[in-house]
Amino acid sequence: RLSAVLGVLAMAHPLQSLAINGMYLTGYGTESSFMGGADVAVARDAFAATNNPAGMTQLGGQAADLEIQVETDLYSDHTDAYGNYRKPRADHYSTLANAAYARRFANSPYAAGVALIVQGGVGWTYRGLNTQFGTRDDARSLFAVVKLSPALAWEINDQLSLGVTLGINYLGGSQELFPNTAVDPSPAWPQLPQGFNGF
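Residues numbered from 1 in each chain as written. Predicted model: local features only at pLDDT ≥ 70, side-chain atom pairs only at ≥ 80, totals over all residues. Heavy atoms only, no water.

To continue, consider the overall build of the protein. Counting its regular elements, the protein contains three helices and ten strands. What you see in the protein, going N to C, is helices and strands ordered as α-α-α-β-β-β-β-β-β-β-β-β-β. For the protein, buried positions account for 33% of its 199 residues. In the protein, the share of contacts with a sequence separation of at least 24, taken over all contacts with a separation of at least 6, comes to 55%. Here the protein has roughly 12400 Å² of accessible surface; of this, 60% comes from carbon and sulfur atoms. (Helix = DSSP H or I, 4+ residues; strand = E, 2+ residues; numbered from the N terminus. Buried < 20%, exposed > 50% of the residue type's maximum accessible area, 1.4 Å probe, protein only. Contact = heavy atoms within 4.5 Å. Areas by Shrake-Rupley, 256 points an atom, 1.4 Å probe, with all protein chains shown as cover.)

Counting 16 residues, the largest nonpolar core has F47 and M56 as the members making the most contacts within it. If you list the elements that add at least two residues to this core, you get α3 (48-51), β4 (94-104), β5 (110-130) and β6 (136-157). Broken down by element, this core gets its largest block of residues, three residues, from β5. When residues no more than four places from it in sequence are discounted, the contact partners of M56 are A48, A49, A102, R104, A111, A112, G113, A151, L152 and A153. Within the second largest apolar cluster, seven residues are counted, among which are L129, F133, A139 and F178. (Core = buried A, V, L, I, M, F, W, Y, C linked by side-chain atoms within 4.5 Å.)

With burial as the criterion, only one face of β4 is covered, namely that bearing S94, L96, N98, A100, A102 and R104; the residues T95, A97, A99, Y101 and R103 on the opposite face remain uncovered. In this sheet, β4 lies alongside strand β1 (residues 62-71) in antiparallel orientation, the contact comprising ten bridges. Paired with I68 across the strands is A97, a residue of β4. Pairing between β4 and β5: ten bridges, direction antiparallel. Bridging across to β5, A102 finds its partner in G113. (Pairing = 2+ DSSP bridges.)

Residue placement: A49 occurs in helix α3. Residues A49 and A102 lie 53 residues apart in sequence; the distance between their C-alpha atoms is 7.0 Å. Sequence-distant contacts of A49, defined by excluding residues within four places in its chain, comprise M56, G113, V114, A115, S149, A151 and T165.

Bringing the pattern of salt bridges into the picture now. Oppositely charged side chains are able to pair whenever their charged atoms sit close together. Enumeration according to the criterion identifies three salt bridges in this entry. Between R104 and E155 there is a salt bridge; the shortest N-O distance is 2.7 Å. With a gap of 51 residues between them, R104 in strand β4 and E155 in strand β6 connect regions that are remote in the sequence. Note that R127 is salt-bridged to D138, the shortest N-O span being 3.2 Å. In this pair, R127 is assigned in strand β5 and D138 in strand β6, connecting sequence segments eleven residues apart. Look at R127 and you get partly exposed, because its relative accessible area is 36%. Its relative accessible area of 17% is what places D138 among the buried residues. (Salt bridge = Lys/Arg side-chain N within 4 Å of Asp/Glu carboxyl O.)

This paragraph deals with the environment of S76. One can find S76 in the loop between β1 and β2 (78-79). C-alpha of S76 to C-alpha of R86: the two residues are ten residues apart in sequence and 8.7 Å apart in space. Apart from residues no more than four positions distant in its own chain, S76 is found in contact with R86, P88 and Y126.

A few words now on unusual backbone geometry. Positive phi, close to 55 degrees, is recorded for N107, a residue that is not glycine. The residue N107 is located in the loop between β4 and β5 in this model. At F178, a position not held by glycine, the phi torsion is positive, near 45 degrees. Among the structural elements, F178 can be located in the loop between β8 (168-177) and β9 (182-183). Look at F178 and you get buried, because its relative accessible area is 15%.

As structure tokens, this is what we get:
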């Protein structure tokens, strides 16, 4: 009995997840996230609108889901020939806020839904890098992704459902590379005949 209890406790102990797929999530919603994105054949929550719209026909009525994740990048260290060894800025967090609603129409083979996926601040920020020009400056690259997925589904029979979704995507980004560094043209930098002005 003691072994069984210890085994159950060991399996129930929450472990920290250190895996990430950057801005490309493996799945949206609780079910998909816990299945590592392997839920396509069994998508049956409101996020089926974006994961697999045909799955909306498995709903008994209507469903609404909200998912919020906050993540940070622990292991994107930067090393180069100028003596830099930097970790990303410690206070940089990416926010993912996703919502979905789906409804199976009563006494009907049809279902409809919509999902909104928002991923903000995905990327990296390094402060105080040594540059090739003898200055110290910052580098940053951040992206935001917004995806709207309206969807329709039709249950043809108990074994076959068809679904269609329209993925409307917006991607925004901002980038800085040594914004406070400016170097005049110089024979010391023949590869930069115009000099260098950070951007």
